[in-house]
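Listed here are the chains, written in short residue letters.
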Amino acid sequence: QVQLVESGGGLVQAGDSLRLSCAASGRTFGRYAMGWFRQASGKEREFVAAISRSGLTIRYAYSVKGRFTVSRDNVKNTVYLQMDSLKLEDTAVYYCAAARRDPSIGSYFSPSEYDYWGQGTQVTVST
């Protein structure tokens with residue numbers, strides 16, 4: 001089991017950047033594929049990005065591709081989400097999640113593929 005803690009959220013203006021971090025408690029971090037999801041007010045949880053255990057396979061939602069970058073540092077037990085050119089519609093609570101194995105091609109976007117979740121960090125984008 002792994003504990004996940006997100007940080008780095010805040011209030012920014014449209015066009016600004018933020019970098020979210022997700023720190024894992026255990027030394028087995030490298031055994032987990034990691035995903036980022038977000039949930040806006042009144043909406044269901046939405047896939048944002050994912051990175052495989054090796055870091056060599058990366059997936060993005062179409063809505064963030066070209067603006068967001070996911071990366072991981074297995075030595076520091078941390079996964080990052082660099083968010084550039086933020087838009088109003090990016091406003092949401094952002095969650096990181098860990099999967100005990102790399103999701104299949106058809107399932108990487110599914111929350112059910114992930115076994116552990118962080119508490120979330122709020123990102124608010126204003127005009």
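What counts as what
- Residues numbered from 1 in each chain as written.
- Predicted model: local features only at pLDDT ≥ 70, side-chain atom pairs only at ≥ 80, totals over all residues.
- Heavy atoms only, no water.
- Pairing = 2+ DSSP bridges.
- Helix = DSSP H or I, 4+ residues; strand = E, 2+ residues; numbered from the N terminus.
- Axes fitted to C-alpha atoms, helices over the stretch in contact; angles between N-to-C directions.
- Core = buried A, V, L, I, M, F, W, Y, C linked by side-chain atoms within 4.5 Å.
- Buried < 20%, exposed > 50% of the residue type's maximum accessible area, 1.4 Å probe, protein only.
- Contact = heavy atoms within 4.5 Å.
- Phe/Tyr/Trp six-rings, centres within 6.5 Å; stacked < 30°, edge-to-face > 60°.
- Lys NZ or Arg CZ within 6 Å of the ring centre and 35° of its normal.

Q: How would you summarise the sheet that holds strand E7 (residues 68-73) if you had to cite specific residues and measurements?
A: Taken in spatial order, the 4 strands of this open sheet run E1-E3-E8-E7, and their pairing is antiparallel. Two strands close off the open sheet at either side, each with one partner strand: strand E1 (4-7) and E7. Going across the sheet, the axis of each strand differs from the next one's by a mean of 15°, ignoring polarity. Relative to strand E3 (residues 18-24), E1 runs antiparallel, the two being bridged by 4 bridges.

Q: So what about the nonpolar core? Which residues, and what values?
A: Generally speaking, nonpolar side chains in soluble globular proteins are found buried as a group. In terms of nonpolar packing, the biggest core is built from 37 residues, with Leu-4, Met-34, Trp-36, Leu-81, Met-83 and Tyr-94 touching the most fellow members. For this core, the elements supplying multiple residues, two or more each, are E3, strand E4 (33-39), strand E5 (46-51), E7, strand E8 (78-83), strand E9 (92-99) and strand E11 (121-126). No other element matches the 6 residues that E9 contributes to this core. The residues touching Leu-81, leaving out its near neighbours within four places in the chain, are Leu-18, Arg-19, Leu-20, Trp-36, Val-48, Ala-49, Phe-68, Thr-69, Val-70 and Tyr-94.

Q: Residues and numbers for the packing of aromatic side chains, please.
A: A complete count under the given rule lists 7 aromatic pairs for this structure. For the ring pair Phe-37 and Phe-47, a centre distance of 5.6 Å and an interplane angle of 75° mean the geometry is edge-to-face. Of this pair, Phe-37 sits in strand E4 while Phe-47 sits in strand E5, and the two are 10 residues apart along the sequence. On the basis of relative accessibility, which here comes to 9%, the residue Phe-47 falls in the buried class. Ring geometry for Phe-47 against Tyr-108: centres 5.3 Å apart, planes inclined by 75°, an arrangement best described as edge-to-face. Taken together, the residues Phe-47 in strand E5 and Tyr-108 in the loop between E9 and strand E10 (116-117) connect sequence positions 61 residues apart. Sitting over the face of the ring of Trp-117, Arg-45 holds its NZ or CZ atom 4.1 Å from the ring centroid. Taking NZ or CZ as reference, Arg-59 lies 5.1 Å from the ring centre of Tyr-108, over its face.

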